[in-house]
Amino acid sequence: MLLSFAPGLFCVAQSTDLQDNIRIRLEQDQPDIPLNVQNKELFAKSEIHLFYNDRLFLPAWIDNGVLTELAYELRFEIIQSKFDGLNPTDYHLDLLNSYFNLFENNKKQGKPNELDDLASVDFLLSDAFFHLASHLEIGKVDPSKLAGDWEITAKTAKVNYNELLEMALVKKQIRQPLETLYPNLSIYKKGREVIRAMDEIRKKDTLNWKAVKISKTIKVGERDGGVPNLRERLAFWKYLTPYSFEDEKEYDSTMFSAVKEFQLRNGLEPDGALGKNTVNALNQSPVDLIDKASVNMERLRWLPDTLRGAEMIVVNIANYQLDYLSNRDTLLSARVIVGKKYHESPIFSSAMSYIVFSPYWNLPTSIVRNEVMPAVRKNPNYLAQKNMEVVTFSGQHVDPSTVNWSGKSIPYMVRQKPGENNSLGLVKFMFPNEHSVYIHDTPARSLFTREDRALSHGCIRIQNPAAFAEILLKNDKSWTPEKINAAMHQSHEQIVKLDRKIPVVLLYLTFWADSKGLGHYRQDIYDRDAEVLVALRK
């Protein structure tokens, strides 16, 4: 009778009972024992205690004994987290679905929901919000614990998630507060949309994506057993419309045109040849591309706040490209050569502070020991032929004939004098860092036409250094193109200090979305994606 005739009284009583249930369960919690629901450990124990204490143990997601619209909205956002490259099951999705289904069945049968169940689902939803918020703000994976040379320290949270949740509850909005945690980069939201679209493609995918393997590059007119699968994939990605052919294993001219378009779209040399890189790209299924995108969405969440500056230099190692940005506009893009597989360019950020025109190249000790010393023993004129000289560490010249080249090392420095054939080219751009990595010119300019440009010992070689110098010195009108060219062709070094320090960020992104919302995928040249993906999917 109480249910029928005094609904208001019943709701108040149930709310108070639920409040007491939440309070008692938190008071009974032991400091050294994880807080859990149905043996499912909550991630944000301290935040849960603080959050419910501050609200005097009032439920956040229950009203009048039933789930609020916001509870359903949060569950929706948890499901949508897959478009951030995250794993919705990390946020109690399976257990939440069980409770939601239970409550919906109770409603159909006219049964009230149990207080313990209501308290449990309230805890789960709050914990899911806190855990998802943390992953969106600072990432799920700790980059400092990964193998390889990632000089990325794990970010610390700057947002108070309790206050964020209270704001969400007051505004009755979940999406907008969570969006405030995204990296401050337009490519992040665009990336979400690319993953969403790729997920729709995945749902309709019926192809067999077994990897096609080739023993040599396939050219037009040649036959190969992998051609039918590759043709099918080009059609799947809309580079080909179905057409008739005489021999399904022949790489024909119609397919050739589609391959060139595919190569151009995927950062490959558009030569129309079915080489290793092109075939590897065509082996990528929608699931593979979602995984690749997910890994790079996580990398965007790791990025330091320096990426919010008005002026910066960004090198995407995986794309072999340098971009100079001013007020988020790209004013210069240049091809670069990066470290080869066993001399990988590190991932870090620093600040560019000066330029060295007509630089000396101080050879690393390892190169002197392993390459120069044996060469001089065979050919006493080697140093002169290479425009090199021997100096003390204070810069005093040493006669090479007085040096003992037969030992394990020499107590001097070997350096290459400025000039066209200097290994650093005609200019280098310095951003001091512990890796001794910098950006420089190169005499081997033909290498920039290559598709694979992981060729250096770790430094970054830039294709058009004069244009880069001009844009860095733009605030000083005396640095005309003619003056820069003259500075690059001197017989001695000239150091020019920049009038400001410019952030330099070396990234490793094998996926990004452009301003038009198009996804771009690149080869994982250092084989780094798999480790991040495993940690992300755990």
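One can find the structure itself at the top, above this paragraph.
Predicted, not measured: the structure shown is a model, and the values here were computed from it.

Definitions and limits used
- Residues numbered from 1 in each chain as written.
- Predicted model: local features only at pLDDT ≥ 70, side-chain atom pairs only at ≥ 80, totals over all residues.
- Heavy atoms only, no water.
- Helix = DSSP H or I, 4+ residues; strand = E, 2+ residues; numbered from the N terminus.
- Rg over C-alpha atoms; globule rule 2.2 N^0.38 Å.
- Buried < 20%, exposed > 50% of the residue type's maximum accessible area, 1.4 Å probe, protein only.
- Contact = heavy atoms within 4.5 Å.
- Areas by Shrake-Rupley, 256 points an atom, 1.4 Å probe, with all protein chains shown as cover.
- Lys, Arg positive; Asp, Glu negative; His and termini not counted.
- Charge placed at Lys NZ, Arg CZ, Asp CG, Glu CD.
- Axes fitted to C-alpha atoms, helices over the stretch in contact; angles between N-to-C directions.
- Left-handed = near helix turned anticlockwise from the far one by under 90°.
- Phe/Tyr/Trp six-rings, centres within 6.5 Å; stacked < 30°, edge-to-face > 60°.
- Lys NZ or Arg CZ within 6 Å of the ring centre and 35° of its normal.

### Here we look at the overall build of the chain
Looking only at helices and strands, the chain features 18 helices and 19 strands. Rg of the C-alpha trace for the chain: 30 Å, well past the compact-globule value of 24 Å for 538 residues, more than 25% over. Counting all 538 residues of the chain, 50% fall into the buried class. Long-range contacts, defined here as pairs at least 24 residues apart, represent 68% of the contacts in the chain between residues at least 6 apart. Entry remark: accessible area of the chain is about 26,700 Å², with carbon and sulfur atoms responsible for 51%. Of note, the chain has its 67 positive side-chain charges centred 5 Å away from the centre of its 69 negative side-chain charges.

### Considerations on the packing of helix α3 (residues 45–54) against helix α6 (residues 115–138)
Remark: α3 packs on α6, axes separated minimally by 10 Å, with the N-to-C direction vectors making an angle of 115 degrees. Handedness of the α3/α6 crossing: right-handed. Contact with α3, carried on its side by Glu47, Ile48, Phe51 and Tyr52, involves Asp122, Phe123, Ser126, Asp127 and Phe130 of α6 and no other residues of that element.

### Observations concerning the packing of aromatic side chains
Applying the stated rule across the entire model yields 17 aromatic pairs. Ring geometry for Phe129 versus Phe130: centroids 6.2 Å apart, planes at 80 degrees, classification edge-to-face. Residue class for Phe130 comes out buried when judged on its relative accessible area of 2%. Through successive ring pairs, a cluster of aromatic residues spans Phe51, Tyr52, Phe123, Phe129 and Phe130. Its end group placed over the ring of Tyr438, Lys428 keeps NZ or CZ at 5.2 Å from the ring centre. One cation-aromatic arrangement involves Arg528 over Tyr508; the distance from NZ or CZ to the ring centre is 5.7 Å.

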